[in-house]
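# Analysis of the macromolecular model
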Amino acid sequence: MKQLPTGFPKDFLWGGAVAACQIEGAYDVDGRGLSTSDIHRYDKEMDRAHIEKEGGGTLAQIKAAMNDKEGYYPKRYGIDFYHTYKSDLALFKEMGFKAFRTSISWSRIFPKGDEEEPNEKGLQFYDALIDEIIKDGMEPVITMSHYDIPLYLVTEYGGFANRKVAEFFVRYAKVLLERFKGKVKYWIVCNQVNLVPTVQFGSLGIYDDQTTPDKMEELMYQAVHNQFVACAKIKKMASSIDPNAVLGTMIADGTLYPATCKPEDIVMTMQKNRMQYFFTDVQLRGEYPVYALHYFEEKGIHLDVTPEEEQLLKENILEFLAISYYYTRICDSTKNSMKPFEGEQNPYLKPTPWEWRADPLGLYNTLSQLTDRYQIPIMIAENGLGAIDTVEEDGSIHDVYRIEYLREHIIQMKRAILDGADVFAYLSWGPIDIVSSSSAEMSKRYGYIYVDLDDYGQGSGKRIKKDSFYWYKDVISSNGEKL
């Protein structure tokens, strides 16, 4: 008989997660080129509750943004982590972080993306950053591609829809694996591979008028396939470069509940959830599932997939599953289509300004479903609450709402572990305030640490510890027992 888990494993990796494109800034320093994130303009008139896409636009709009001198593009500046990483990491060390997830800016290593040789100054920055993470007692968890595709590969090649870009990505990954061999154990190859079409631009490098509307879904899935193949090649390559490297894939959890117990709602919900699993079925099981092939046939989607690529996918499955988890929605068969991440708000959950309705029980459900399906180690690579924080007159920040959110999710994570989920890391999103991925604003704050910058990058940049800073420190020191 197996010995039942009693709580979090002794070597559990508590920590936090960020992305280079939301934190580093220094977009024009030391040879870095423009990336897909650098043209996400802040719009104070945005409808926070209905953000359908992050950045991008038509090719003409992209080129206009590259030359725009009037608009403000927050991801170009982040919180200046490029220059403050030592003091910021020291704060994470004070909290007791066991791991820290960040990404590498592809355009910092290959400014245009198609160069033969990497930018040495970019590599030197990540040498210093990763060394500092390790020095501070944290396991570095590194994402190779996190919405940071060199913009030149989009405007000149059409992103991952072009197989050449997939090959450029493999070249970039080879540089990373060789450079950081022995330092980085956990690699997430591509961030949230399933979050399309929401971040079709940042993840795949596809712009709005790259093809006709009736062919856009086919182009998207072809680009996803090319990304799958690149990931498999990187996995195969990593086995020879650094046998100790562990490579995983990552999805954004979009699990839906049926709106009612009406059979039509239940079946459609199952079908939509299954198309979310399509991405991980390919990367963790090694082949295209029949239900996805049937979906493509029904939609008239024709993918260029070679027998050699199918064999490559089968022989190079990834080794762990990373997930981001924030909220859940419901599926109504009378209102919704099979479009990914389309759903209705759950009336039983409380609304937020961004309509990311918190659902701690949904995390237990997700972890249990993924465990039943894959029996694979799981990393929670993102989980957190974006909220509007208030700095009191005495400088304190009482973010009890954030503590409550995280506490309830950690409780459900532990419950899943007790029921057999092999969760080995919890990296809460945005341990320090950063530019929002979806809305490109600073007002949507996730951190345990407040950063004194507004939506236009104005402010002192001062770091202030919130109440949640001390709470999470106790969670880590007690290995999740003190909540």
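To start, this report covers the structure provided alongside it.

About the cut-offs
Residues numbered from 1 in each chain as written. Predicted model: local features only at pLDDT ≥ 70, side-chain atom pairs only at ≥ 80, totals over all residues. Heavy atoms only, no water. Helix = DSSP H or I, 4+ residues; strand = E, 2+ residues; numbered from the N terminus. Rg over C-alpha atoms; globule rule 2.2 N^0.38 Å. Buried < 20%, exposed > 50% of the residue type's maximum accessible area, 1.4 Å probe, protein only. Contact = heavy atoms within 4.5 Å. Areas by Shrake-Rupley, 256 points an atom, 1.4 Å probe, with all protein chains shown as cover. Lys, Arg positive; Asp, Glu negative; His and termini not counted. Charge placed at Lys NZ, Arg CZ, Asp CG, Glu CD. Core = buried A, V, L, I, M, F, W, Y, C linked by side-chain atoms within 4.5 Å. Polar contact = N/O pair within 3.5 Å; in protein donor to acceptor, adjacent residues only side chain to side chain. Phe/Tyr/Trp six-rings, centres within 6.5 Å; stacked < 30°, edge-to-face > 60°. Lys NZ or Arg CZ within 6 Å of the ring centre and 35° of its normal.

Looking only at helices and strands, the protein has 15 helices and 12 strands in total. Here the C-alpha atoms of the protein give a radius of gyration of 21 Å, agreeing with the 23 Å that 2.2 N^0.38 yields for 483 residues. Principal-axis analysis of the C-alpha atoms gives the protein an extent of 60 × 55 × 50 Å. Taking all 483 residues of the protein together, 59% fall into the buried category. A separation threshold of at least 6 residues defines the contact pool for the protein, and within that pool the share at least 24 residues apart is 78%. Total accessible area on the protein is roughly 19600 Å²; 51% of this is exposed by carbon and sulfur atoms. Of the side-chain charges in the protein, 55 are positive and 72 negative, and the distance between the mean point of each set is 3 Å.

Counting residues in hydrophobic clusters, the biggest one holds 154 residues, and the most contacted among them are Phe-278 and Met-413. Ranked by the residues each element gives to this core, the list is headed by helix α9 (residues 216–241), at 15 residues. When residues no more than four places from it in sequence are discounted, the contact partners of Phe-278 are Tyr-221, Phe-228, Tyr-288, Pro-289, Tyr-291, Ala-292 and Phe-296.

The next point concerns the side chain of Asn-336. With respect to the helices, strands and loops of the structure, Asn-336 is situated in the loop between β8 (329–331) and α13 (360–374). Engagement of the side chain of Asn-336 in a polar contact is seen with the backbone nitrogen of Asp-332, the distance being 2.8 Å. Other than its neighbours up to four places away in sequence, Asn-336 contacts Met-268, Ile-330, Cys-331, Glu-342, Gly-343 and Glu-344.

Next up on the list: the packing of aromatic side chains. Applying the stated criterion across every chain, the model contains 42 aromatic pairs. When the ring of Phe-278 is compared with that of Tyr-288, the centres are 5.6 Å apart and the planes differ by 50°; the resulting orientation is tilted. Taken together, the residues Phe-278 in helix α10 (residues 263–285) and Tyr-288 in the loop between α10 and α11 (290–299) connect sequence positions 10 residues apart. Of the two residues, Phe-278 and Tyr-288, both sit in the buried class. Pairing Trp-471 with Tyr-472 gives two aromatic rings, centres 6.2 Å apart and planes at 25°, and the pair type is stacked. Per residue, the accessibility class of Trp-471 equals that of Tyr-472, and both read buried. For the cation-ring pair, Arg-108 lies above Phe-125, with the distance from its terminal atom to the ring centre recorded as 5.8 Å.

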